[in-house]
Amino acid sequence: MVIRKKYTGLGLLSILIWASLVSIVKLVTDMLTPLSGIALIYSFSAFTILVINQFPTISEIPKAYLYGCGALFVAYEVLFLIAIALSHNYEDVLIIAMINYLWPPITILFAILARQLTFHWMVILGFFISVVGLLLVVNPRILEISTFIDILLRNPKAYGFAFLGALLWPCYSVLTKKYAQGFNAVPLFFLITALTLWCLHFIFDDVFIMPSWRLWIVIIVVGGLIGIAYNNWNQSIQFGNIQILILATYFMPILSSFMTMLILNVIPSVYFWFGSLLVSIGALICWKFTRVNNQAL
């Protein structure tokens, strides 16, 4: 029981770290340049997770998981991080975070299509509520389509990357369940993510600004915490209370908004909080009315 509580606590700590990730990445990239900032952070994340975990034996990993799921993992991380880096202001960051946190209900929909979960009509209602919540976050005047389009056109790359990422992560989750066969290649995926970010840094001739010693400390600590969060999560879902951990993930839109408010010193509107709540409620409805499809196992 003590061990289970320990790993459940570690899992909840991982969720807290992920909820703070958006704001901290924005702070670092504002002080440096977009690609170099996130490349530095994820370099230390990759180093941390490789130190903690044994490097996987590539020849033993199922090829569909290694190449297919690996590509999805790297693409999601790169797109989401670049979306944050491309945000024009802190309000942009809040919207990008909400777009990203559509992945829980989308994951359930994809799992149903893959016949890993059984279908219930309430899932459609839950997904609709999440989408309405997101639309409310982007544009409180939800019925004014022209205003909504104008807002999206202010930063189409950032919002587009965030939405594409919200589609890719559910694909990674569903396909990993199908093809991983118990293997864990996340350390390798992290290393490739860091290398990809550095490649993009040089390809697009992104200026490198040498961080101050204080910023180096922030980068090392944040990068290390991200690596630890991924490592702890893998252990927590195996040995912790999986029901509590899954339930906690559906409150990430609200938690992320709260952490953004504290770290970036931005106060979201009432409409934003209500929209965030709807995103979480929609995801919870999807979770409540689905169960594992035993016939697909």
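What counts as what
- Residues numbered from 1 in each chain as written.
- Predicted model: local features only at pLDDT ≥ 70, side-chain atom pairs only at ≥ 80, totals over all residues.
- Heavy atoms only, no water.
- Helix = DSSP H or I, 4+ residues; strand = E, 2+ residues; numbered from the N terminus.
- Rg over C-alpha atoms; globule rule 2.2 N^0.38 Å.
- Buried < 20%, exposed > 50% of the residue type's maximum accessible area, 1.4 Å probe, protein only.
- Contact = heavy atoms within 4.5 Å.
- Areas by Shrake-Rupley, 256 points an atom, 1.4 Å probe, with all protein chains shown as cover.
- Lys, Arg positive; Asp, Glu negative; His and termini not counted.
- Charge placed at Lys NZ, Arg CZ, Asp CG, Glu CD.
- Polar contact = N/O pair within 3.5 Å; in protein donor to acceptor, adjacent residues only side chain to side chain.
- Salt bridge = Lys/Arg side-chain N within 4 Å of Asp/Glu carboxyl O.
- Expected span 1.5 Å × (residues − 1).
- Patch = residues over 30% accessible without salt bridge, like charges linked within 9 Å, V, L, I, M, F, W, Y side chains within 5 Å.
- Core = buried A, V, L, I, M, F, W, Y, C linked by side-chain atoms within 4.5 Å.

(A) Molecular detail of the overall build of the chain. From N to C terminus, the chain includes 13 helices and 0 strands. Expected size for 297 residues packed as a compact globule is a radius of gyration near 19 Å; at 19 Å, the chain falls within 12% of this value. With the principal axes as the frame, the chain shows a C-alpha extent of 55 × 55 × 40 Å. A total of 297 residues make up the chain; the buried ones form 53% of that total. Taking as baseline every contact in the chain between residues at least 6 positions apart, the subset at least 24 positions apart corresponds to 85%. Only carbon and sulfur atoms are counted for the fraction: they give 71% of the accessible area of the chain, which is about 14,500 Å². If you average the places of the 14 positive and of the 9 negative side-chain charges in the chain, the two averages end up 18 Å apart.

(B) Geometry of helix α4 (residues 90-100). Of all 11 residues making up α4, 9 are buried, and the element is well covered by its neighbours. Every buried residue of α4 is listed here: Asp 92, Val 93, Leu 94, Ile 95, Ile 96, Ala 97, Met 98, Ile 99 and Asn 100. The N-terminus of α4 is capped by Asn 89, whose side-chain oxygen sits 3.2 Å from the backbone nitrogen of Glu 91.

(C) Local environment of the pattern of salt bridges. Tallied over the entire structure, the rule returns 1 salt bridge. In this structure, Asp 30 engages Lys 26 in a salt bridge whose closest nitrogen and oxygen atoms are separated by 3.1 Å. Of this pair, Asp 30 and Lys 26 both sit in helix α1 (residues 2-31), 4 residues apart, roughly one helical turn. Since its relative accessible area comes to 42%, Asp 30 is described here as partly exposed. By relative accessible area, Lys 26 is classed as buried at 2%.

(D) How the structure looks around the side chain of Asn 231. With respect to the helices and strands, the residue Asn 231 is situated in helix α10 (residues 213-239). On the basis of relative accessibility, which here comes to 8%, the residue Asn 231 falls in the buried class. Among the polar contacts listed, one links the side chain of Asn 231 to the side chain of Asn 53, at a separation of 2.9 Å.

(E) The arrangement of helix α2 (residues 34-52) in detail. Spanning 19 residues, α2 covers 28 Å between terminal C-alpha atoms, matching the ideal 27 Å at 1.5 Å per step. Along α2, the residues classified as buried are Leu 35, Ser 36, Gly 37, Ile 38, Ala 39, Leu 40, Ile 41, Tyr 42, Ser 45, Ala 46, Thr 48 and Ile 49.

(F) Looking closely at the environment of Ser 256. If you trace the backbone, Ser 256 turns up in helix α12 (residues 252-264). Placed 159 residues apart in sequence, Ser 256 and Ala 97 show a C-alpha to C-alpha distance of 7.4 Å. Not counting the four nearest positions on each side in its chain, Ser 256 is found in contact with Ala 19, Val 22, Ala 97 and Tyr 101. Within polar-contact distance, the side chain of Ser 256 engages the backbone oxygen of Ala 19 at 3.5 Å.

(G) Representation of a nonpolar patch on the surface. On the surface, Phe 47, Val 51, Ile 52, Trp 213, Ile 217, Val 221, Leu 225 and Ile 228 cluster together into a nonpolar patch covering about 790 Å² of accessible area. In terms of residues, the nonpolar patch owes the most to one element, α10, which gives 5 residues. In this fold, Phe 47 is placed in helix α2.

(H) Layout of the environment of Leu 86. Relative to the assigned elements, Leu 86 resides in the loop between α3 (63-85) and α4. Separated by 72 residues in the primary sequence, Leu 86 and Ala 158 have C-alpha atoms spaced 5.7 Å apart. Among all residues touching Leu 86, those that are not within four sequence positions of it are Asn 155, Lys 157, Ala 158 and Phe 161.

(I) Region of interest: the nonpolar core. By size, the foremost hydrophobic cluster in this structure holds 76 residues, and its most contacted members are Tyr 172 and Phe 190. Element by element, the count of residues in this core is highest for α3, at 14 residues. With near-sequence residues (within four places) excluded, Tyr 172 lies in contact with Tyr 65, Cys 69, Leu 72, Phe 73, Val 186 and Phe 189. By size, the runner-up hydrophobic cluster in this structure holds 11 residues, among which are Ile 108, Leu 109, Leu 117 and Val 123.

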